Amino acid sequence: MLSVQNLSVHYGGIHALQGIDFEVPDGKIVTLIGANGAGKSTTLKAIVNLVKTTSGTIHWNGELLTGKLTKDIVRTGVVLSPEGRRVFPNLTVDENLALGAYSRNDKVGVASDRERVFVLFPRLKERMKQKAGTLSGGEQQMLAVARALMSKPKILMMDEPSLGLAPLIVKMIFDIVREINKAGTTVLLVEQNAKAALEVADFGYVLETGRIILSGPGKTLLADQRVRAAYLGEAI
Amino acid sequence: MDLPTFFQQLVNALSLGSLYALIAIGYTMVYGILRLINFAHGDVFMLGAYFAFYAITALLMPWWIGFIVALSLTALFGIALERVAYRPLRDSPRLSVMISAIGASFLIENLGIVIFGGRPKSFPSIPLFDTVVRFGPVSMLSVSLFIPVITIGSLIALTLIVNHTKTGLAMRAVSTDVDAARLMAVDVNKIVAFTFGVGSLLAGLGGIMWTMKYPQLNPLMGIMPGLKCFIAAVIGGIGNIGGAVLGGFLLGIIEILIVAFLPALTGYRDAFAFVLLIVVLLVKPTGLLGKSQTVKV
Ligand SMILES: Nc1ncnc2c1ncn2[C@@H]1O[C@H](COP(=O)(O)OP(=O)(O)OP(=O)(O)O)[C@@H](O)[C@H]1O
Ligand SMILES: [Mg+2]
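Residues numbered from 1 in each chain as written. Chains lettered and ligands numbered in written order. Predicted model: local features only at pLDDT ≥ 70, side-chain atom pairs only at ≥ 80, totals over all residues. Heavy atoms only, no water.

### Looking at the confidence of the model for chain B
Residue and element names in this part refer to chain B.
Logical step 1: Confidence along chain B averages 93 in pLDDT terms, with 98% of residues attaining 70 or more.
Logical step 2: Note on residues 293–297: pLDDT is under 50 here. Beyond four places in sequence and across chains, it has 21 contacts.
Logical step 3: For this predicted complex, the interface confidence reaches an ipTM of 0.94, while the overall pTM sits at 0.92. (pLDDT = per-residue confidence, 0-100. Contact = heavy atoms within 4.5 Å.)

The following block contains the structure:
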């Protein structure tokens, strides 16, 4: 279980996260939704120590992550597929996947995981030797997810995997999130596409300007008047 | 100019170009990883030569052991330099890092004067590198032939490391996106240290071969080659290893051509590097092989 208590982050004078608490139980899909600038990406970056926290603690299966180096956090199975995909554009698809498996020494396991992601994303297999920078946006997102899977995540954190993609690809990405979860990986999903995220999630948190203002099972939040008005674009 | 002279100058040009290329690679690798100009790189080149000098003359090591010891020390020195002068400033403004680099350079040069003495020393003669080789009417020192061969060997090794090893893959990842590389569990500090080590080792190799060809050492001998090789790296497209090699060879070859064909301009041979720099930057601001967007190691 990932457990975040009283997490605060400042960027200079900006108080981007103002003491948030949330949990991601093992085997579940949990989503964090919120408008632009709410602090969703900051939360994920704080968990892997890409931004410094001002206060609060992050525990992963009872172990304190706060203060650990990113590389050591990733090695405990906490893996982030970052906002904007961040594939390495000048490296090939294959090399990007190899970097995903950088921390692993089990050659056999890596090879079988590589086959597994090629089954999930046959498109990537066809483009193995192609530079990631020449892939389409959707293909780059597939690569970002595939690369994260190569790290053998116990919890996969995804930051806006549906951003800027055509509806068909969005559906595919969400199907894959479900599939990854069914195979036993815990998922923490950050989305602006609140409807799709709440539909797939067991539990959701609503973040507004650095505070969690609402939480509940995905279905409950989907039915909530305030959520519908603020995030699903419905007039009340 | 007759044919023998031409060949003689060609060998000179290739060996000078090789030396420049070896040093230029260090600038470009460090820049590719950290976006930092290591102004002390020329001084690392100087240290490589002195380490070899003392290993052979003071510690009486056979030359090849002396070279291995000197190269190892130079690599370690480069790693230590990064630890002390650059890593504490990793998140500081560029200007602070640059000032630290210039400070480190002055410090090494002046410590060099204090420790090694300011008077030039002459490098011991090593028969293997010091024999005169004749091809018909063309004669040259054997070191001039060894330099391009050793350089090309090093370049091949470097290319294999960068393109075909896990560490090389991590280097390329760090140079494009540090945070994304961290997310791949890459130990960025280790990669940076490795980069400084390799860059410094090549500079040390350049320094040793330089003193065999121009057999005098002094603590300020790194300044001019350092500056020219920085220029070579920029001309080739800083951040790009192939570019540094191209820039280095270009600079060396043109410099020798000027000396050989336009003897009247020999006094301007150092100035010429700057002229070439300005021309290249005017025509192609990212350097000959530089790309405006992605920076490759
Ligand atoms: N590096 C930074 N420096 C200064 N302020 C930052 C930085 N990164 C984020 N912020 C600020 O922190 C707040 C939270 O940003 P964050 O990126 O976490 O939002 P988000 O919820 O992910 O938004 P989006 O949906 O647009 O990605 C915003 O007000 C943002 O301007
Ligand atoms: Mg965001």
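### Observations regarding the interface of chain A and chain B
Logical step 1: Counting residues at the interface gives 23 residues for chain A and 20 residues for chain B.
Logical step 2: The largest per-residue losses of area from chain A upon contact with chain B belong to A:F88, A:N90 and A:Y102, which jointly make up 32% of the total buried on that side.
Logical step 3: The interface formed by chain A and chain B holds three salt bridges in total.
Logical step 4: Where A:K71 meets B:D187, a salt bridge forms, and the shortest distance between an N and an O atom there is 3.9 Å.
Logical step 5: Taken together, chain A and chain B are joined by four residue pairs in polar contact (both at pLDDT 80 or more).
Logical step 6: Among the elements of the structure, α2 (70–75) and α3 (93–100) of chain A are those that each provide at least two residues to the side of chain A that touches chain B.
Logical step 7: Here the side of chain A that touches chain B is built from residues that sort into twelve nonpolar, five polar and six charged. (Buried area = accessible area lost by both parts, 1.4 Å probe. Salt bridge = Lys/Arg side-chain N within 4 Å of Asp/Glu carboxyl O. Polar contact = N/O pair within 3.5 Å; in protein donor to acceptor, adjacent residues only side chain to side chain. Helix = DSSP H or I, 4+ residues; strand = E, 2+ residues; numbered from the N terminus. Nonpolar A, V, L, I, M, F, W, Y, C, P; charged D, E, K, R; others polar.)

### Here's the deal with the nonpolar core
Logical step 1: Of all hydrophobic cores here, the largest spans 117 residues; its most connected members are A:I47 and A:L188.
Logical step 2: Residue contributions to this core peak at 13 residues, all from helix α1 (residues 3–34) of chain B.
Logical step 3: Those residues within four positions of A:I47 in sequence are excluded, and the remaining contacts are A:L2, A:V4, A:F22, A:I58, A:L65, A:I73, A:V78, A:M157 and A:L188.
Logical step 4: Counting residues in each nonpolar core, the second largest holds 49 residues, with A:V79, A:V87, A:L156 and B:A185 among its members. (Core = buried A, V, L, I, M, F, W, Y, C linked by side-chain atoms within 4.5 Å. Buried < 20%, exposed > 50% of the residue type's maximum accessible area, 1.4 Å probe, protein only.)

### Looking at a positive patch on the surface
Logical step 1: Among the surface-exposed residues, A:R75, A:K107, B:K166 and B:K190 lie close enough to one another that they form a single positively charged patch.
Logical step 2: Within the fold, A:K107 resides in helix α4 (residues 107–120).
Logical step 3: For A:K107, a relative accessible area of 73% gives the class exposed. (Patch = residues over 30% accessible without salt bridge, like charges linked within 9 Å, V, L, I, M, F, W, Y side chains within 5 Å. Areas by Shrake-Rupley, 256 points an atom, 1.4 Å probe, with all protein chains shown as cover. Lys, Arg positive; Asp, Glu negative; His and termini not counted. Charge placed at Lys NZ, Arg CZ, Asp CG, Glu CD.)

### Topic: the pairing of strand β1 (residues 2–11) of chain A
In regular strands, side chains alternate between the two faces of the sheet.
Residue and element names in this part refer to chain A.
Logical step 1: Here β1 pairs with strand β2 (residues 14–24) via eight bridges, running antiparallel. Residue pairing for β2: H10 is matched across the bridge by H15.
Logical step 2: Hairpin geometry of β1 and β2 is characterised by an intervening segment of two residues between the two adjacent antiparallel strands and by a positive phi of about 55° at G12.
Logical step 3: Here β1 runs beside strand β4 (residues 55–60); their pairing, made up of five bridges, is antiparallel. Looking at β4, one finds that S3 is bridged to H59. (Pairing = 2+ DSSP bridges.)

### Let's talk about the packing of α4(A) against helix α6 (residues 137–150) of chain A
All names here are of chain A.
Logical step 1: Between α4 and α6, the least distance of the axes is 10 Å, while the angle of their chain directions is 155°. With respect to α6, the element α4 is oriented roughly antiparallel. For the pair α4 and α6, the crossing hand works out as right-handed. Where α4 abuts α6, its residues V110, D113, R114, V117 and L120 lie against A146, L149 and M150.
Logical step 2: Looking at the contact of α4 with α6 residue by residue, the class counts come to six nonpolar, no polar and two charged. (Axes fitted to C-alpha atoms, helices over the stretch in contact; angles between N-to-C directions. Parallel < 35°, antiparallel > 145°, perpendicular 65-115°, else oblique. Left-handed = near helix turned anticlockwise from the far one by under 90°.)

### Quick look at helix α11 (residues 241–261) of chain B
Logical step 1: Over its 21 residues, α11(B) runs 30 Å from end to end, which matches the ideal 30 Å to within 8%, given 1.5 Å per residue.
Logical step 2: Structurally, the start of α11(B) carries an N-cap: the backbone nitrogen of B:G242 is 3.0 Å from a side-chain oxygen of B:N240. (Expected span 1.5 Å × (residues − 1).)

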